[in-house]
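Descriptive analysis of the structure
Chain by chain, the residues:
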Amino acid sequence: MIDVNGVSVGYGDQKIVEDMNFHIDKGEFFGILGPNGSGKTTLLKAMTGLLPLMAGVITLKGRPLHQFSSRELATHVAVLPQISTEAFSYQVRETVMLGRYAHQKGFFKGTTDRDKEMVDKVMEQTGISSFQYRYLHELSGGERQRVFLAQALAQEPHLLLLDEPTNHLDLSYQKSLLDLIKNQTDQGTLTVVAIFHDLNLASLYCDRLLLLDQGTTKLLNHPEEVLKEEHIEEVYHTKVQKQAHPLVAKPQMVIVPEGSLTENLVLDERYMTLTEDCILYSAPFPLKCMSSGIIGAGIGWYSHFMNRRVPVDYDCRDYKQDMKEYLITKELDPSLSVGMMTALDLSNMICERFEMMGKSVFVIVTAGVGNAMDVSTSFQYDIDSKPGTINTWVFINGNLSDEAYIEALVTSTEAKVKALNDMEVRDKRNGNLATGTPTDSILIASSQKGEIEPFAGPITPIGKLIGKGVYEVTKKAIQRYMG
Ligand code: ADP
């Protein structure tokens, strides 16, 4: 569709963008990223044919841009520039109709039925029909943005160039604008080149991203390759953290506010309360957790951790709802809580803090092992839900990577199994050494403060503490349970 070959461009004799080389395919959604002043707008202007090139050539469908007349170019390319704040004395509908100019033929260039249909269609698509007879200066920035997008779409372009298209739009219009044009690129009817400030939107919608750094190409690749912490930090000079989008396999980058990592309150027994009906750990700040709780499971940030004692014959169909209601009676917000259950007398709980080389973990275990089993033979039995479960909570004073969370889970599980073995806990069904119970639950909760811990296996100080801590606490909890 469009080829940029050896292009340098700038203003006067000052080169702003240097030696650009890329090809954009028909139907591609191509994003341009880079800090302020890195040359994004300058490059986009060059692609509209507005700026004379200092070197190289840009071809559209194989023909150099400068060979197109402006009217001819307008039948292929539409531009949505950054909207300036000057007063507009045009009506919305008139403004959109201007997009049809290049399609109007003959001496009088009258408006045809097709022009009117097209204008109605794009006004509908961009949600501006209801104010089509109002004047531009009466509209909000976001409404105006949509009017200019409608004008660009009315042009029926093959290539749409957008300079920060979502700048003035609220969340819902950002999504509908990008969905609308993404839909057209997916159908192959439109090719889009867009400048983005929002890395996360660029990641979600673009097929490829060009990352500019001081007028040169830093990277040109798929979002997963470009949106890596080290690349973004290098180019934007800002600390960022990458995370997975919860539903889409695309990276998302978040900034880390200054000062948020400096607070240093150690997670220990001070924040735990034990009563007859529950163990509650209320952390002084939200912890990043990975858990298999009844509520608050998976990965998330939570402040309250509840191990609720239920009767041996507890039988509740909607146990999640029941847990939420229970938390509310304790004046805890269920959305900030991880909840687990046990039938165990909670005086059997064991907790202990472990410290080494300036790192520490705090472990809480309730271990009812009356229903312990050997997991490798579990397929031979119908497992009933007799009470008896091991709930393992590991609070880590550290800053875990994703890998470290998973290794912390593995390390904790290995330590638990070792404790069961050393205590000779057996599966009553076959006499084998038990590896757990059918309903064990685990929580890894980390303060996420301090130096990043890339790993949490036993090769690391944190892993060693988890291994020792979970082993010792589980062993003591089993001892106490067994009397
Ligand atoms: P970006 O879009 O990445 O923020 P621009 O392409 O707008 O960057 O600007 C890159 C550099 O070019 C800036 O240093 C800016 O001052 C300069 N520049 C932009 N427009 C002009 C202009 N019309 N005349 C001279 N310099 C300009």
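Quick caveat, the model's predicted, so the values are computed rather than measured.

Parameters and conventions
Residues numbered from 1 in each chain as written. Predicted model: local features only at pLDDT ≥ 70, side-chain atom pairs only at ≥ 80, totals over all residues. Heavy atoms only, no water. Near = heavy atom within 4 Å. Polar contact = N/O pair within 3.5 Å; in protein donor to acceptor, adjacent residues only side chain to side chain. Helix = DSSP H or I, 4+ residues; strand = E, 2+ residues; numbered from the N terminus. Nonpolar A, V, L, I, M, F, W, Y, C, P; charged D, E, K, R; others polar. Pairing = 2+ DSSP bridges. Salt bridge = Lys/Arg side-chain N within 4 Å of Asp/Glu carboxyl O. Buried < 20%, exposed > 50% of the residue type's maximum accessible area, 1.4 Å probe, protein only. Phe/Tyr/Trp six-rings, centres within 6.5 Å; stacked < 30°, edge-to-face > 60°. Lys NZ or Arg CZ within 6 Å of the ring centre and 35° of its normal. Expected span 1.5 Å × (residues − 1). Contact = heavy atoms within 4.5 Å. Domains from an automatic or database assignment. Axes fitted to C-alpha atoms, helices over the stretch in contact; angles between N-to-C directions. Lys, Arg positive; Asp, Glu negative; His and termini not counted. Arc of directions from axis to C-beta. 1 Å grid on protein atoms, 1.4 Å probe; cavity = no way out; pocket = protein on both sides within 12 Å on 5 of 7 lines; lining within 4 Å. Points joined across faces, edges and corners; volume = space filled by probe spheres on them.

**Notes on the site of the ligand**
Neighbouring the ligand are the residues Tyr11, Ile16, Pro35, Asn36, Gly37, Ser38, Gly39, Lys40, Thr41 and Thr42. With respect to the ligand, the side chain of Lys40 contributes an N or O atom lying 2.9 Å from an oxygen atom. Among the elements that line the shell around the ligand, the one with the most residues is helix H1 (residues 40-48), at 3 residues. For the shell around the ligand, the per-class residue count stands at 3 nonpolar, 6 polar and 1 charged.

**A closer look at the sheet that holds strand S2 (residues 14-24)**
What the 4 strands build is an open sheet, ordered S2-S1-S4-S5; its pairing is antiparallel. Both outer strands of the open sheet, S2 and strand S5 (63-64), are each paired with one neighbouring strand and no more.

**Topic: the pattern of salt bridges**
Close approach of charged atoms allows side chains of opposite charge to pair. Summed over the entire model, instances satisfying the criterion amount to 27 salt bridges. Glu72 serves as the salt-bridge partner of Arg63, at 3.0 Å between the closest nitrogen and oxygen. Accessibility expressed as a relative area gives 29% for Glu72, which makes it partly exposed. One connected set of salt bridges, linked through shared partners, spans Arg100, Arg114, Asp115 and Glu156.

**Regarding the packing of aromatic side chains**
Tallied over the full model, the rule gives 10 aromatic pairs. When the centroid spacing of 6.2 Å and the interplanar angle of 70° are considered together, the rings of Tyr271 and Tyr281 count as edge-to-face. In this pair, Tyr271 sits in the loop between strand S12 (251-255) and strand S13 (272-274) while Tyr281 sits in strand S14 (residues 278-291), placing the two residues 10 residues apart along the sequence. Judged by relative accessible area, Tyr271 falls into the buried class, the value being 17%. For Tyr281, a relative accessible area of 0% gives the class buried. Within the aromatic cluster, the residues linked to one another by ring pairs are Tyr271, Tyr281, Phe305, Phe362, Trp393 and Phe395. Arg308 extends its terminal NZ or CZ atom over the ring of Tyr326, reaching a point 4.2 Å from the ring centre.

**A short note on helix H6 (residues 171-186)**
Here H6 is 16 residues long and its end C-alpha atoms lie 22 Å apart, about the 22 Å a rise of 1.5 Å per residue gives. Every buried residue of H6 is listed here: Gln174, Leu177, Leu178, Leu180, Ile181, Lys182, Gln184 and Thr185. Tucked inside the fold, the buried residues of H6 contact strand S3 (29-33), helix H4 (113-125), helix H5 (141-154), strand S7 (159-163), strand S8 (191-195) and helix H7 (199-205). Capping the start of H6 is the job of one residue whose side-chain oxygen sits 3.1 Å from the backbone nitrogen of Ser172: Asp170. Downstream of H6 by a residue or two, Gly188 has a phi angle that is positive, lying close to 80°.

**Describing the domain arrangement of the protein**
Considered domain by domain, the protein is made up of domain 1 (2-255) and domain 2 (269-482). Computed over C-alpha atoms only, the centres of domain 1 and domain 2 are separated by 51 Å.

**Some words on the pairing of strand S10 (residues 216-221)**
Regular strands place side chains that alternate from one sheet face to the opposite one. Inspection of the sheet shows strand S9 (residues 208-213) paired to S10 by 5 bridges, in the antiparallel sense. Paired with Leu209 across the bridge in S10 is Asn221. The loop that links S9 with its antiparallel partner S10 comprises 2 residues; one of these, Gln214, has a positive phi angle of about 50°.

**Focus on the sheet that holds S10**
Read from one edge to the other, the open sheet built from 6 strands follows the order S6-S7-S8-S3-S9-S10, with strand pairing classed as mixed. In this open sheet, the two strands that pair with only one neighbour each are strand S6 (77-80) and S10. Each neighbouring strand pair of the sheet contributes to a mean axis angle of 15°, computed without reference to strand direction. Seen against the sheet, H5 touches S6 and S7 and runs at an angle of roughly 175° to S6. Across the face of the sheet, H6 comes into contact with S3, S7 and S8 while running at roughly 130° to S3.

**Here's the deal with the side chain of Gln448**
Secondary-structure assignment places Gln448 in the loop between strand S21 (441-446) and strand S22 (452-453). Gln448 gets classed as buried once you look at its relative accessible area, which sits at 9%. Side chain to side chain, Gln448 and Tyr405 meet in a polar contact 3.5 Å long.

**Here's the deal with the side chain of Lys40**
Mapped onto the secondary structure, Lys40 falls in helix H1. Summary of buried charges: Lys40 has no salt-bridge partner, and the nearest side chain of opposite charge, Glu164, is 5.7 Å away. Residue contacts for Lys40: discarding those within four places in its chain leaves Ile32, Leu33, Gly34, Pro35, Ile195, His197 and Leu212.

**Overview of helix H9 (residues 229-236)**
Think of an α-helix as 3.6 residues a turn; residues three or four steps apart then line up on the same face. Those residues of H9 lying buried are His231, Ile232 and Val235. Buried positions in H9, seen along its axis, are confined to an arc of 95° and lie on one side of it. The inward-facing, buried residues of H9 contact H7, S9, S10, helix H8 (223-226), strand S11 (240-244) and S12. Following H9 by one or two positions, His237 has its phi on the positive side, about 50°.

**Side note on the layout of surface pockets**
For the largest pocket, the calculated volume is near 1,100 Å³. For the largest pocket, the lining is made up of 36 residues, of which Gln241, Lys242, Lys288, Trp301 and Gln448 are closest to its centre. Elements that contribute at least two residues to the lining of the largest pocket include exactly H9, S11, S12, S14, strand S15 (298-309), strand S20 (399-400) and helix H11 (402-422). The element best represented in the lining of the largest pocket is S11, accounting for 5 residues. Along the lines of polarity and charge, the residues of the lining of the largest pocket split into 17 nonpolar, 10 polar and 9 charged. Counting contributing residues per domain, the lining of the largest pocket is built from domain 1 (2-255) and domain 2 (269-482), each supplying no fewer than three.

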